[in-house]
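What follows is the residue order along each chain.
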Amino acid sequence: MEINKKEIQYTTYQSIDELDINMQALIEASRQASEQAYAPYSKFKVGAAVLLSNDKIITANNQENASYPEGLCAERVALFYASSQYPKEKIRALAIAGNSNPHTTDNLITPCGGCRQVLAEYESKQQEKIKIFMTGMKGKIMMVDGIDNLLPFRFEL
Ligand code: THU
């Protein structure tokens, strides 16, 4: 028997001002996108912004449904749209922001397990890491460089 350890690494920023202007723009885009989420059931709005290698930013938000499991997270709406429209571009970064209006939260959110698995797939496909910025509507930001830091044991075929 052997007990093994795996390390993950993450960076924290006290505010958006510590980031370069491109990443600031990406985060702001995710925060803005959260405002347009369709989340009548949970009232928890999530925004996502994907930065592609052609410098385009794709934004999306969570889309819920009266048949609850049919809804989809903001991250997957954004990633699937990006991949369907720009299959040859690489995904450089993803920013997400949580927003539980009317009680706006400053707490940062991290992607759910399903979205982590989807991110892992695109990383494998493009053979390049994706930077993931996790935020609330303001305040502290967390960043990981690569999905291994959020999903150390991804499912692979
Ligand atoms: N949600 C996301 O959009 N992304 C996540 O990573 C976690 C959860 C959405 C799903 C649902 O519409 C609402 O947040 C509450 O779970």
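As shown above, the structure is provided for reference.
Residues numbered from 1 in each chain as written. Predicted model: local features only at pLDDT ≥ 70, side-chain atom pairs only at ≥ 80, totals over all residues. Heavy atoms only, no water.

Peer 1: Explain the site of the ligand to me, using residue names and the numbers behind them.
Peer 2: The local shell around the ligand consists of S42, F44, V46, N62, E64, C73, A74, E75, P111 and C112. Burial of the ligand by the protein amounts to 74% of the accessible area it has alone, namely 370 Å². (Near = heavy atom within 4 Å. Areas by Shrake-Rupley, 256 points an atom, 1.4 Å probe, with all protein chains shown as cover.)

Peer 1: Before we move on, could you go through the pattern of salt bridges and cite the residues and values that matter?
Peer 2: As a working rule, side chains carrying opposite charge can pair if their charged atoms are close by. This model, assessed by the stated rule, comprises 6 salt bridges. Where D145 meets K131, a salt bridge forms, and the shortest distance between an N and an O atom there is 3.7 Å. Remark: K131 occurs in strand β5 (residues 131-135) and D145 occurs in strand β6 (residues 141-145); sequence separation between them is 14 residues. Residue classification places K131 among the partly exposed positions, given a relative accessible area of 32%. (Salt bridge = Lys/Arg side-chain N within 4 Å of Asp/Glu carboxyl O. Helix = DSSP H or I, 4+ residues; strand = E, 2+ residues; numbered from the N terminus. Buried < 20%, exposed > 50% of the residue type's maximum accessible area, 1.4 Å probe, protein only.)

Peer 1: Report on the packing of aromatic side chains, specifying residues and quantitative values.
Peer 2: One pass over the structure, following the stated rule, counts 1 aromatic pair. On the numbers, 5.4 Å between centres and 45° between planes, the contact of Y41 with Y68 is tilted. With Y41 in the loop between α1 (21-34) and β2 (45-52) and Y68 in the loop between β3 (57-61) and α2 (74-85), this pair connects stretches of sequence that are 27 residues apart. Accessibility expressed as a relative area gives 39% for Y41, which makes it partly exposed. Assessed through its relative accessible area of 59%, Y68 is described here as exposed. Its end group placed over the ring of F153, K6 keeps NZ or CZ at 4.2 Å from the ring centre. (Phe/Tyr/Trp six-rings, centres within 6.5 Å; stacked < 30°, edge-to-face > 60°. Lys NZ or Arg CZ within 6 Å of the ring centre and 35° of its normal.)

Peer 1: Describe the sheet that holds β2, with residues and values.
Peer 2: One open sheet accounts for 6 strands, arranged β1-β6-β5-β4-β2-β3; its pairing is mixed. Only two strands of the sheet have a single neighbouring strand rather than two, namely β1 (11-13) and β3. For this sheet the average axis-to-axis angle between neighbouring strands, irrespective of direction, equals 15°. Relative to strand β4 (residues 91-99), β2 is paired through 8 bridges, and the arrangement is antiparallel. Bridged to V46 within β4 is G98. Together, β2, β3, β4, β5 and β6 form the strand contacts of α1, whose direction differs from that of β2 by roughly 145°. The sheet strands contacting α2 are β2, β3 and β4, and the helix crosses β2 at an angle near 30°. (Pairing = 2+ DSSP bridges. Axes fitted to C-alpha atoms, helices over the stretch in contact; angles between N-to-C directions. Contact = heavy atoms within 4.5 Å.)

Peer 1: Help me get a handle on the side chain of R76, residues and values and all.
Peer 2: For R76, the position within the fold is in helix α2. Lacking a salt bridge, the buried R76 has E75 as its closest oppositely charged neighbour, with an N-O distance of 6.7 Å. (Lys, Arg positive; Asp, Glu negative; His and termini not counted.)

Peer 1: Quick rundown of the environment of L72? Include the residues and the values.
Peer 2: Within the secondary structure layout, L72 lies in the loop between β3 and α2. Measuring from C-alpha to C-alpha, the distance between L72 and N62 comes to 5.7 Å, with 10 residues separating the pair along the chain. Apart from residues no more than four positions distant in its own chain, L72 is found in contact with N62, Q63, V77 and F80.

It is worth stressing that arrangement in space is one thing and function is another; only the former is reported here.
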